[in-house]
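Here are the chains, one letter per residue:
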Amino acid sequence: MDISIPIRHGEKNVNAWYIGPPKIEPEQFDGDIVSVSEGASVNFNTITFNPHSHGTHTETVGHVVAEKHSINKALKQFFFLAEVITVAPEKSNEDFVISAKQLRFAIGNKLREAIVIRTIPNQKDKKTKQYSNTNWPYLTQDAIEYLVKKGVKHLLIDQPSVDRERDEGELRSHHTFWNTKGTIRKNATITEFIYVSNKIDDGCYMLNLQIAPFENDATPSKPILYKIMD
Ligand SMILES: N[C@@H](CC(=O)c1ccccc1NC=O)C(=O)O
């Protein structure tokens, strides 16, 4: 079961972080549009997008530190034991947050390399939503500390970020997850902007975390869940 949000041309594509939509458009050679429908022998689209803004993406610590950490070098294994959990973010002042208590309740004593968080409400609009200036739900620091303590190496969530949209550059969940103030968890990854259909039950799965091979802090990704037969 595919839990990715694909990247497509135009305004209906999911979006966050105040930039325009992704573009997938044919190149032009001397004013001729390189597309079969325009008489060319091939379709030859150039793609312009931002992995953090435009769909499911997996990132490394390179997203929040000066030193370069490429996802294509950090992620060398692609199958992980994962737990899919569903949480209803709790109101905290003007925000909605996911707390350690909620994760503890959902995960209990299960040991998993990856945790896939589906937030409620969970409707299809998550695949097309324009998230800029919406103050989406995020994880509290104690929630992230709990995951790190449990040994979770790969965190996946159906929101644009594990942090608050506006946090004065703090990115506390990112920094805590990668332990940037101590020994950096270089091989740990965060995947944002997933969509977990309501047809998928909570529980244990094999996760195949596929990425596009960009040397960058983040890249579009395609997480796939395989049900474990018992
Ligand atoms: N939360 C940060 C901003 C932030 O994270 C950000 C801002 C612009 C473009 C991208 C951002 N983060 C993206 O992944 C802040 O409020 O300073």
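This is a predicted model, so every value here is computed, not measured.

## Here we look at the environment of T86
Turning to step 1, where the next piece is worked out: Among the structural elements, T86 can be located in strand 6 (residues 79–87).
Turning to step 2, where the next piece is worked out: What makes T86 partly exposed here is its relative accessible area of 25%.
Turning to step 3, where the next piece is worked out: For the pair T86 and V196, spaced 110 residues apart in the sequence, the C-alpha separation amounts to 9.6 Å.
Turning to step 4, where the next piece is worked out: Excluding residues that lie within four positions of it along the chain, T86 makes contacts with R118, I120 and D202.
Turning to step 5, where the next piece is worked out: Side-chain polar atoms of T86 contact the side chain of R118, separated by 2.9 Å.
Turning to step 6, where the next piece is worked out: Side chain to side chain, T86 and D202 meet in a polar contact 2.6 Å long.

## Remarks on the packing of helix 2 (residues 100–107) against helix 3 (residues 141–149)
Turning to step 1, where the next piece is worked out: One way to put it is that helix 2 packs onto helix 3 with a least axis distance of 7 Å and a crossing angle of 35°. Contacts between helix 2 and helix 3 involve A100, L103, R104 and I107 from the first element and D142, A143, Y146 and L147 from the second.
Turning to step 2, where the next piece is worked out: Residue composition of the contact of helix 2 with helix 3, by class: six nonpolar, no polar and two charged.

## Points about a positive patch on the surface
Turning to step 1, where the next piece is worked out: There is a patch of like positive charges on the surface, built from R8, K12, K124, K127 and K199.
Turning to step 2, where the next piece is worked out: Mapped onto the fold, K127 is located in the loop between strand 9 (114–119) and strand 10 (138–139).
Turning to step 3, where the next piece is worked out: Under the relative-accessibility criterion, K127 is labelled partly exposed at 32%.

## Section: the pattern of salt bridges
Turning to step 1, where the next piece is worked out: Using the criterion set out here, one finds nine salt bridges in the structure.
Turning to step 2, where the next piece is worked out: Put simply, D202 and R118 hold a salt bridge, and the shortest N to O gap is 2.7 Å. Highlighted residues: D202 in the loop between strand 12 (189–192) and strand 13 (203–211) and R118 in strand 9, separated in sequence by 84 residues.
Turning to step 3, where the next piece is worked out: Taking relative accessible area as the criterion, R118 reaches 5% and is therefore assigned buried.
Turning to step 4, where the next piece is worked out: Across the pair D158 and K126 runs a salt bridge, and its minimum N-O distance is 2.8 Å. Separated by 32 residues along the polypeptide, D158 in the loop between strand 11 (154–157) and helix 4 (172–178) and K126 in the loop between strand 9 and strand 10 bring together distant segments of the chain.
Turning to step 5, where the next piece is worked out: Classification of D158 by relative accessible area gives buried; the value is 1%.

## Considering the site of the ligand
Turning to step 1, where the next piece is worked out: Around the ligand, the surrounding shell consists of W17, H52, H63, R164, E165, R166, D167, E168, G169 and L171.
Turning to step 2, where the next piece is worked out: In this structure, E168 approaches the ligand through a main-chain N or O atom, which is 3.5 Å from an oxygen atom.
Turning to step 3, where the next piece is worked out: G169 places a main-chain nitrogen or oxygen 2.7 Å from an oxygen atom of the ligand.
Turning to step 4, where the next piece is worked out: Coverage of the ligand by the protein chains reaches 66% of its 410 Å² of free accessible surface.
Turning to step 5, where the next piece is worked out: Of the residues in the shell around the ligand, the class split is two nonpolar, three polar and five charged.

## Quick notes on the sheet that holds strand 7 (residues 90–92)
Turning to step 1, where the next piece is worked out: In spatial order, the strands read 7-8-10; together these three strands make up an open sheet with mixed pairing. If you trace the sheet from one side to the other, it starts and ends with strand 7 and strand 10, each paired once.

## Considerations on helix 3
Turning to step 1, where the next piece is worked out: For helix 3, the complete set of buried residues consists of A143, I144, Y146 and L147. End-on view of helix 3: buried residues confined to an arc of 155°, all on one side of the axis.
Turning to step 2, where the next piece is worked out: Trailing helix 3 by a residue or two, G151 shows a phi angle of about 85°, which is positive.

## Some remarks on the packing of aromatic side chains
Turning to step 1, where the next piece is worked out: Under the counting rule described, the total for this entry stands at eight aromatic pairs.
Turning to step 2, where the next piece is worked out: With centroids separated by 6.1 Å and ring planes inclined at 65°, the aromatic side chains of F49 and F214 adopt a geometry described as edge-to-face. One end of the pair, F49, is in the loop between strand 4 (45–48) and strand 5 (57–59); the other, F214, is in the loop between strand 13 and strand 14 (218–227), with 165 residues separating them in the sequence.
Turning to step 3, where the next piece is worked out: Ring pairs connect the aromatic residues W17, Y18, Y131, W136 and F193, which therefore count as one cluster.

## Describing unusual backbone geometry
Turning to step 1, where the next piece is worked out: Between I120 and P121 the backbone carries a cis peptide bond, its omega angle lying at 5°.
Turning to step 2, where the next piece is worked out: Relative to the helices and strands, P121 resides in the loop between strand 9 and strand 10.
Turning to step 3, where the next piece is worked out: One non-glycine residue with positive phi stands out, namely N93, at about 55°.
Turning to step 4, where the next piece is worked out: Mapped onto the secondary structure, N93 falls in the loop between strand 7 and strand 8 (95–98).
Turning to step 5, where the next piece is worked out: With relative accessibility at 67%, the residue N93 sits in the exposed group.

Scoring rules and cut-offs
- Residues numbered from 1 in each chain as written.
- Predicted model: local features only at pLDDT ≥ 70, side-chain atom pairs only at ≥ 80, totals over all residues.
- Heavy atoms only, no water.
- Helix = DSSP H or I, 4+ residues; strand = E, 2+ residues; numbered from the N terminus.
- Buried < 20%, exposed > 50% of the residue type's maximum accessible area, 1.4 Å probe, protein only.
- Contact = heavy atoms within 4.5 Å.
- Polar contact = N/O pair within 3.5 Å; in protein donor to acceptor, adjacent residues only side chain to side chain.
- Axes fitted to C-alpha atoms, helices over the stretch in contact; angles between N-to-C directions.
- Nonpolar A, V, L, I, M, F, W, Y, C, P; charged D, E, K, R; others polar.
- Patch = residues over 30% accessible without salt bridge, like charges linked within 9 Å, V, L, I, M, F, W, Y side chains within 5 Å.
- Areas by Shrake-Rupley, 256 points an atom, 1.4 Å probe, with all protein chains shown as cover.
- Salt bridge = Lys/Arg side-chain N within 4 Å of Asp/Glu carboxyl O.
- Lys, Arg positive; Asp, Glu negative; His and termini not counted.
- Charge placed at Lys NZ, Arg CZ, Asp CG, Glu CD.
- Near = heavy atom within 4 Å.
- Pairing = 2+ DSSP bridges.
- Arc of directions from axis to C-beta.
- Phe/Tyr/Trp six-rings, centres within 6.5 Å; stacked < 30°, edge-to-face > 60°.

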